[in-house]
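As a plain string of letters, each chain reads:
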Amino acid sequence: MDFIEQMPLIGAAMTATRAWTFGFVTITFMIYLYIGWRSRVKESGEFYVAGQGVPAIANGAATAADWMSAASFISMAGLISGLGSDGSVFLLGWTGGYVLLAMLLAPYLRKFGQYTVPDFVAKRYYSETARIVAAVCAVFISITYVAGQMRGVGIVFARFLEVETWQGVVLGMVIVGVFAVLGGMKGITWTQVVQFFVLIAAFLIPTFALSGMLTDSSIPQIGFATGDIAEKVNLIQEDLGFSSYTQPFTNYDMANVFLIMFALMAGTAGLPHVIVRFYTVANVRAARYSAFWALLFICLLYTSAPVLAMFARYSILNTLEGARIGEVAKSDDDVEYIPVYRVNDEGKEVPIQWVDTWQKTGLITIEDKNKDGILSLKNVDGNFDEVKIDKDILVLATPEIAQLSPWVIAIVATGGLAAALSTAAGLLLVISSSMAHDLYVHFFEPNASEPRRLLIARIMIIGAILVAGYFGIAPPGFIGEVVAFAFGLAAASFFPIIFLGIFDKRMNREGATLGMIVGILFTAVYIILCRSDRVLGFDEPLMTPWFQGSSWIPNGLRPEGVGAIGLALNFIVAVVISRMTSPPPEEVQDLVESVRVPRGSHAPEAHFDETDAEADNP
Amino acid sequence: MSSSPPPSRPEPKVAYWQQNLMVIGVLLTIWAFVAFGCSIFFIEWLNQFQIGNLPLGFWFAQQGSMYVFLVLILVYALVMDYLDRKHDVKE
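All values reported here derive from a predicted model rather than from experimental measurement.

1. Description of the overall build of chain A
Secondary structure assignment for chain A yields 25 helices and 9 strands. A compact globule built from 618 residues would reach a C-alpha radius of gyration of about 25 Å, and chain A, at 25 Å, matches this within 12%. Here chain A holds 618 residues, and 62% of them are scored as buried. Each charge class in chain A was averaged separately, 39 positive and 55 negative side chains, and the resulting centres sit 8 Å apart.

And the structure:
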């Protein structure tokens, strides 16, 4: 491939990259701040649900930005690249959940129309205990998630603007703080709309460029199928002792693929920061269309990510296998790295710049194990033999791998920040609303005045930002594990009880509460025991996965997929217990009857300004 | 569910709800067939066919299913618009 052989010396371009990045980051941050200032709010209805006047298409873009986190933007393509065909669990798990959300939850929750998910749980199950359980789950899920986002912000700053990680995290906190504290959901929504366009442009530009270079079509979704990269990757993979890229069930067995995919789907549909976005639209019809817009916008990235993953895998294998390893060198700021070279047609050694750059951040490490001066990517226990590449750098490094202009590299960095900040903002709002609205105001100051409620919400969001920032600067080792945890818990707790609350009129307090407790406990205990080495710091996990060595699930039930089992248990317990106890009171049955019908989502008790509801729909 | 309510309570929209359930049932069956069928259970069988230069099962798992999801949600929103009008529960 010529783009790999024509490696120009881009030492000078690095400073250009920094200048471009600095420029893009400054401009986008100014826009976010301006929107935050413009949409500052004066009452809690606007703070929590943006006054329920967000048009469906804007809500779709905001949901997409909210939902696509640093993990989707920065990590997912890298994961898929490593997993090959089995990487589909993330693609289909995360997008498939929107089908469940759109048909089973979103329209009915919008009709119910209060501020938070615990609001619905408390009303539907006429129980304040259920409210507390739901609010605590929402806070836990959101805090673990937001910590990872702040970490993402830190990485991007550290790599592209070459500041300390903590400085990057603090800057990110300040920016999120301004638009979230001033504007609440309203500020967050419109900022997220802008952030969506930033992040999608940042993802698509290098993917389109790469597709144009490697295939005959610059539309990646087409080049993916029509190009011959798949065959080439499969060949190189087999040469190096890896299983072929398009071969399924090489990393997870079929049962695990099924369970993980299902847990991610139900988890997506049950995540509180996504559900709450559907409270912000004008009516039930807008909630349905906004689910469509959200998935459309998400699919722009999600159908490109597997293409980027395969192209990047090809580029890495093709560039690094057999490259020359140089002597240990020192960079200007005294970081040691090992330069690698590719020999071009004229027999000259050309440095592979991006490998050197990322070695300086410690995210690529090279070790010439057999001292032959040649880099080998042979399969050793599923990893490359002589080079370690952190999965998280793949998207950020792709423009450099493909030798794109410095401004493209800068825009990718800006997109990574947009992805992390937009998700962080949505999560912080859920933490704030659960703490302020569901726990504090509800139990301690039920008669608080409107300005007082707003003040409490703002104090809580500042508190949440400080906690998130702390985890961003001093991350506990288990953030990666905890993301699986968040999805599993959402799948095993919120999804079944909201679903049954709408579709099973006979479901009552006893069934739902017990179901939720059994689902959460089972899932949490299984994950903690299987991952106790990471989560609790033990030397060995306390438990090996179940069913190991059985014929249908030879590698054992993976903790990422256990949420699907927790969900099933929740369902069974809830249905059995509810049929053994007394039916819910009549007014609750009326509530169920009313959420099933779209008309009247602006009931008087919702106390919202009717003029806000006249927003247009597609 | 279909027991006649006392006059003070709202009239349940039984027909509307049952048609809604049927729409959801049909669409989710397609959803499950594509997500779990084409992308997991039958992926190896489908991989003997090609779409362009890719094995068909692999393509479903990494591209095709997502296009189907998108169409399913759009169809749901459109059909529900029709049902809302037909049963006069539109806002």
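2. Here's the deal with the interface of chain A and chain B
At the junction of the two partners, chain A supplies 65 residues and chain B supplies 49 residues. Between chain A and chain B we count 3 salt bridges in total. Salt-bridge contacts for Arg-288 of chain A lead to Asp-84 of chain B; the nearest nitrogen and oxygen are separated by 3.0 Å. Contributions of two or more residues to the side of chain A that touches chain B are made by α6 (88–112), α10 (220–226), α11 (229–239), α12 (254–270), α14 (284–302), α15 (305–320), α21 (494–503) and α25 (586–595) of chain A. Ranked by residues supplied to the side of chain A that touches chain B, first place goes to α6 of chain A with 13 residues. A breakdown of the residues in the side of chain A that touches chain B according to their chemical character gives 38 nonpolar, 17 polar and 10 charged.

3. What about the pairing of strand β4 (residues 340–343) of chain A?
Residues and elements named next belong to chain A. Pairing analysis gives 2 bridges linking strand β1 (residues 324–325) to β4, with the strands arranged antiparallel. Counterpart to Arg-324 in the pairing with β4 is Tyr-341. Sheet topology note: the β4/strand β5 (residues 349–351) ladder contains 3 bridges and is antiparallel. The residue of β5 that forms the bridge with Arg-342 is Val-350. Counting the residues that bridge the hairpin from β4 to β5 gives 5 residues, and of these Gly-347 lies at a positive phi of roughly 80°.

4. A closer look at the nonpolar core
Formed by 242 residues in total, the largest nonpolar core has its most connected members in Trp-67, Phe-73, Leu-105 and Tyr-302 of chain A. The element best represented in this core is helix α9 (residues 165–214) of chain A, accounting for 19 residues.

5. Topic: the UniProt feature "transmembrane region" (unreviewed entry) in chain B
Residues annotated by UniProt as "transmembrane region" (unreviewed entry) correspond here to residues 21–46 and 66–83 of chain B. A helix fraction of 96% and a strand fraction of 0% characterise residues 21–46 of chain B, whose end C-alpha atoms lie 31 Å from each other.

Quick notes on the rules
- Residues numbered from 1 in each chain as written.
- Chains lettered and ligands numbered in written order.
- Predicted model: local features only at pLDDT ≥ 70, side-chain atom pairs only at ≥ 80, totals over all residues.
- Heavy atoms only, no water.
- Helix = DSSP H or I, 4+ residues; strand = E, 2+ residues; numbered from the N terminus.
- Rg over C-alpha atoms; globule rule 2.2 N^0.38 Å.
- Buried < 20%, exposed > 50% of the residue type's maximum accessible area, 1.4 Å probe, protein only.
- Lys, Arg positive; Asp, Glu negative; His and termini not counted.
- Charge placed at Lys NZ, Arg CZ, Asp CG, Glu CD.
- Contact = heavy atoms within 4.5 Å.
- Salt bridge = Lys/Arg side-chain N within 4 Å of Asp/Glu carboxyl O.
- Nonpolar A, V, L, I, M, F, W, Y, C, P; charged D, E, K, R; others polar.
- Pairing = 2+ DSSP bridges.
- Core = buried A, V, L, I, M, F, W, Y, C linked by side-chain atoms within 4.5 Å.
- UniProt positions renumbered as here; feature names shortened; annotations may be inferred.

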